Structure formats: C-alpha cells, structure tokens
Amino acid sequence: MKQNMTKAGERLRSISETLTGARRAAQALPGFPGPLPPGFVDAYEVQRLSRAAWPDRVAGWKVGGVPVAFIEKSGETRLAGPIFSASVAHAVTGNPTKMPVFESGFAAIEPEFVVQLGKIRAEDRLFIGAEIASSPLPAINDIGPIAVISDFGNNNGLLIGAEVEDWQDASAQTATVETHIDGVLVGSKVLTDIRINAFDALEFIFAHAREHDIALTPGTFISTGAITGVHEAPTGAKSTLDFGGLGSLDIELVAAKPLA
C-alpha cells in the first residue's frame, strides 16, 4: 500500500515538474503530461507542489467556475489558483498594459472584479480588473477543471484597474461590462448588483484556504470570476474592457518570455 502511495505521489510530482518546467521555458506542451489526477484533491496537491517550487510569492488567488459539463462528476462549482506577484500589473490610464501569455498555448482575457483583502471585511477594497488566463496546455479548458487546477488555475496574470468606491454599501451598484477584442464586441453583461460575485467568491476562497492551510493575509488580491466569459485571444490581440461608469482597461497580449 505504501509503495502504491509513493508511486502516486511520484506521478503527481512529475506532473508538477512538467507543467512548471513548461511555464519557466515559456513553451507549449502537446497535451497533459500523463494521466490526469483522479480528482480535485490530487489536482490541488499538484498545484501545492508547483507553488512550492515556483520562484515567486503568491500575491493573490483567482476564483473560477467549473463548467457545467464537469459539475456533476466533481460535485464542485468553483476552483482556485494562485496569482504570483510578478504577474500582477496596475493599469495606467491612456496606455495599454502588456500582459504575457503562452504563445501556441492557451490564452484568454476575462474582465473581473478584484477584491483586495483588508484587516477586516469592512476594509476590503474592490477594483475593476482582468484575469489573463494562459497555460502551456492549448486545450486546458477542454481537458477540464482537473487540468486547470493542476496548472496554477490556468492563470498567468492579473490586471488591476480603478477602485470602486463604497462598493459594500447596501444600495446595490449596477454596471454594464463589455469586452472588446481587436475592435469587436465579444461579450457583454448587465450586473444588477456588483457585490454578488465578489461576496460569493470570498466565501469560497475563505473555505478553500481553511481546507488547504492557506494564509489569506491583508493585501491579498482575489479575482472573483469572469463576468462576460472566457474570451480566447492570440498573442498580439488588443482588448478594451469597459465597466461603464466604473472605468475601463486597455490590454495588449504579448508572448511570455522564459524565466532567467
């Protein structure tokens, strides 16, 4: 039994090493490295091994949805992945922010609200933002959430935009969010209460952190989930994310470079 457990652990470590190696080299992979881990528990163990090996500190966490096709099998509706300090960018008005993605891998732009944790919940801050979803695995989302969890939640960047003032006020704030890529409107959604996704995402990530012994310290960013969808885009694509009266973001996807 112990030998089987050791072999299982070795397989998970091998997956971690292959995925992180591809990210370090900024090279796409032809497919998932070997058989998928059997479930979310093992996928999060791969993620834990990869976090421990990655040469950067965790500055935040992305919360993503589990596609409907996988919910019944997994029993989960959300998943989490780390956001590393070097991949966090702050938008500058009037200038597109260059965000790296894995060329020939998977790349997508997702408008999101981003919470920055305070010392107490009343001090949490909210920003407009974008998750840059990218992975060396071109078909990562088709493979499913186990692959997504295993590869840092399919995250390769977080863009922070303007702050949303008084966002926790009891009077609901509304917003219409639009995603444009290369001048084409690819997604739009009307939000009748911008707090809902944020509160739900926080509830999930706090429970996830307790289960996985993760410290959520003040200043940690939480990307709360795609608003208009996961919009795939190639290297070189330019995007404008319009949050209506809350502000907008301009993004240009660029090829990720190997880590030194």
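We now turn to the structure provided with this report. These figures come from a predicted structure and were not determined experimentally.

**Quick notes on the pairing of strand 7 (residues 155-164)**
Burial analysis of strand 7 places eight of its ten residues in the buried class, the great majority of the element. With three bridges connecting them, strand 3 (residues 88-90) and strand 7 associate as parallel partners. When the sheet's bridge partners are listed, Val-88 is paired in strand 7 with Leu-158. In the sheet, strand 6 (residues 125-135) pairs with strand 7 via seven bridges, with the strands oriented antiparallel. Its bridge partner lying in strand 7, Phe-127 is registered against Glu-163.

**Thoughts on the nonpolar core**
If you look at the biggest cluster of nonpolar residues, it comprises 62 residues, and the most contacted ones within it are Phe-113, Phe-243, Ile-251 and Leu-253. Setting aside its immediate chain neighbours within four residues, Phe-113 contacts Leu-126, Phe-127, Ile-128, Val-164, Leu-191, Ile-194, Ile-222, Ser-223, Thr-224, Ile-227, Phe-243 and Leu-246. In this structure, Ile-83, Val-114, Phe-127 and Leu-158 belong to the second largest nonpolar core, which totals eight residues.

**Some remarks on helix 2 (residues 40-53)**
The end-to-end C-alpha separation of helix 2 is 20 Å, in line with the 20 Å expected for 14 residues at 1.5 Å each. Turning to helix 2, its buried residues are Phe-40, Ala-43, Tyr-44, Val-46, Gln-47, Leu-49, Ser-50 and Arg-51.

Rules used in this analysis
- Residues numbered from 1 in each chain as written.
- Predicted model: local features only at pLDDT ≥ 70, side-chain atom pairs only at ≥ 80, totals over all residues.
- Heavy atoms only, no water.
- Buried < 20%, exposed > 50% of the residue type's maximum accessible area, 1.4 Å probe, protein only.
- Helix = DSSP H or I, 4+ residues; strand = E, 2+ residues; numbered from the N terminus.
- Pairing = 2+ DSSP bridges.
- Core = buried A, V, L, I, M, F, W, Y, C linked by side-chain atoms within 4.5 Å.
- Contact = heavy atoms within 4.5 Å.
- Expected span 1.5 Å × (residues − 1).

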